[in-house]
Amino acid sequence: MRVSDDRYSRDRQRIDLALRFIHHEARTRTIRTWTGLTDDRIRKLYRSYVADDAAGHITRHRGKSPQQITFFVRTPLMRQEASVLASVFYLLGVMPALQVADAVPHIAGMQRGEALCDAFETYRMLVPNPRISFEHAVFLVTALARGDELRASLCGDCRGLIVVDRFGAGQRHCLSCEQSRQGRLPLG
Ligand SMILES: [Zn+2]
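None of these values were measured; they are calculated from a predicted model.

Asker: What am I meant to see in the side chain of His24 here?
Answerer: Along the chain, the position of His24 falls in the loop between helix H1 (3-23) and helix H2 (28-35). Residue His24 is classed as buried on the basis of its relative accessible area, which comes to 13%. Among the polar contacts listed, one links the side chain of His24 to the side chain of Glu121, at a separation of 2.8 Å. In contact with His24, not counting residues within four places along its chain, are Cys117, Phe120, Glu121 and Phe134.

Written out as structure tokens, the structure is:
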């Protein structure tokens, strides 16, 4: 492959990934971080994508990306959804092998970005009414990679993966094991 072809194909990959991010309603800053494209090119991609989006599905989000880990652990149902998504992250190689304090520059990149899109799309197929947006999914990857607030752990009964608040107490079981434990309580 000639150098120019190689460069062209890398550029094509970046654009394809940016389009996937746009489709999932990622913010410009997130797209820039993960694809390395400039804001100007991202804006142009947005414009052409929106022009093709005849049904008007795409919403452009502005402002800050999510930053509150409580989103993932505030209810048993959200914990379950976060656990499903985190499981897919691990299965598809989105998570780094080791925890990293400065997670974003360490994990953001083309290959992991593609795996992240695959994982998010898989999660949306697995969960009936998915509540975690793509931006929240990106935040979940970085929070788990940092490991200072959220952690992946194993359910004490079934050993399934669960997402726990590092400082939260009493989160030792997945939702279904928790429910069957509660169901068992009156019987002793
Ligand atoms: Zn369990």
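Asker: How should helix H3 (residues 39-52) be read in this particular structure?
Answerer: For an α-helix, the turn length of 3.6 residues means that residues three or four places apart are oriented alike. Between its first and last C-alpha atoms H3 spans 20 Å; for 14 residues at 1.5 Å apiece the expected length is 20 Å, and the two agree. When H3 is considered as a whole, its buried residues turn out to be Ile42, Leu45 and Tyr46. Down the axis of H3, the sector holding all buried residues measures 105 degrees, keeping them to one side. In H3, the exposed residues that point more than 90 degrees away from the buried face are Arg47 and Ala51.

Asker: What exactly am I supposed to notice about the coordination of the zinc ion here?
Answerer: Under ideal tetrahedral coordination, the four donors around a metal are separated by 109.5 degrees; under ideal octahedral coordination, the six donors are separated by 90 or 180 degrees. Only Cys155 (SG), Cys158 (SG), Cys174 (SG) and Cys177 (SG) from the protein coordinate the zinc ion, and they sit 2.3 Å from it. If you look at the zinc ion, its four donor atoms make angles of 103 to 117 degrees with each other, and the shape they trace is tetrahedral. Spacing between the donor residues of the zinc ion along their common chain follows C-x2-C-x15-C-x2-C. Here the residue Cys155 occupies a position in the loop between strand E1 (150-154) and strand E2 (161-165), and Cys177 occupies one in helix H9 (residues 175-184), the gap between them amounting to 22 residues. For Cys155, a relative accessible area of 0% translates into the label buried. When its relative accessible area of 11% is taken as the criterion, Cys177 is described as buried.

Asker: Explanation requested: the side chain of Thr30 in the structure shown.
Answerer: Along the polypeptide, Thr30 turns up in helix H2. A polar side-chain atom of Thr30 sits 2.7 Å from a polar atom in the side chain of Glu135. When sequence neighbours within four positions are dropped, the list of residues in contact with Thr30 reads Phe21, Ser65, Glu135 and Val138.

Asker: Just to check I follow, could you spell out the nonpolar core for this structure?
Answerer: What tends to happen in soluble globular proteins is that the nonpolar side chains get buried as a cluster. Of all hydrophobic cores here, the largest spans 48 residues; its most connected members are Phe21, Phe89, Leu116, Ile132 and Leu150. Of all the secondary structure elements, the ones that give two or more residues to this core are H1, H2, H3, helix H4 (70-73), helix H5 (76-91), helix H6 (103-107), helix H7 (110-126) and helix H8 (134-146). Sorting elements by how many residues they give to this core places H8 first, with nine residues. Counting contributing residues, this core receives three or more from each of domain 1 (3-52) and domain 2 (70-187). Here Phe21 is in contact with Ala26, Thr30, Ile31, Trp34, Gly113, Leu116, Cys117 and Phe134, once residues within four sequence places are set aside.

Asker: Help me understand the domain arrangement of the chain in this model?
Answerer: The accessible area lost on association of the parts is a frequent measure of interface size. Under the domain assignment, the chain is made up of domain 1 (3-52) and domain 2 (70-187). Taking the mean C-alpha position of each, domain 1 and domain 2 sit 27 Å from one another. Contacts between the two partners involve 13 residues from domain 1 and, on the opposite side, 16 residues from domain 2. Between domain 1 and domain 2, the buried area comes to about 1300 Å², and carbon and sulfur atoms account for 68% of it. Its largest share of buried area at the contact with domain 2, domain 1 owes to Arg20, His24 and Trp34, together 54% of the area lost on that side. The interface formed by domain 1 and domain 2 holds two salt bridges in total. Across the pair Glu121 and Arg20 runs a salt bridge, and its minimum N-O distance is 3.1 Å. Within the residue set of the side of domain 1 that touches domain 2, elements represented by two or more residues are H1 and H2.

What counts and what doesn't
Residues numbered from 1 in each chain as written. Predicted model: local features only at pLDDT ≥ 70, side-chain atom pairs only at ≥ 80, totals over all residues. Heavy atoms only, no water. Helix = DSSP H or I, 4+ residues; strand = E, 2+ residues; numbered from the N terminus. Buried < 20%, exposed > 50% of the residue type's maximum accessible area, 1.4 Å probe, protein only. Polar contact = N/O pair within 3.5 Å; in protein donor to acceptor, adjacent residues only side chain to side chain. Contact = heavy atoms within 4.5 Å. Expected span 1.5 Å × (residues − 1). Arc of directions from axis to C-beta. Donors = N, O, S within 2.8 Å, 3.2 Å for Na, K, Ca; no water. Tetrahedral: all angles 85-135°; square planar, octahedral: opposite > 155°, others 65-115°. Core = buried A, V, L, I, M, F, W, Y, C linked by side-chain atoms within 4.5 Å. Domains from an automatic or database assignment. Buried area = accessible area lost by both parts, 1.4 Å probe. Salt bridge = Lys/Arg side-chain N within 4 Å of Asp/Glu carboxyl O.

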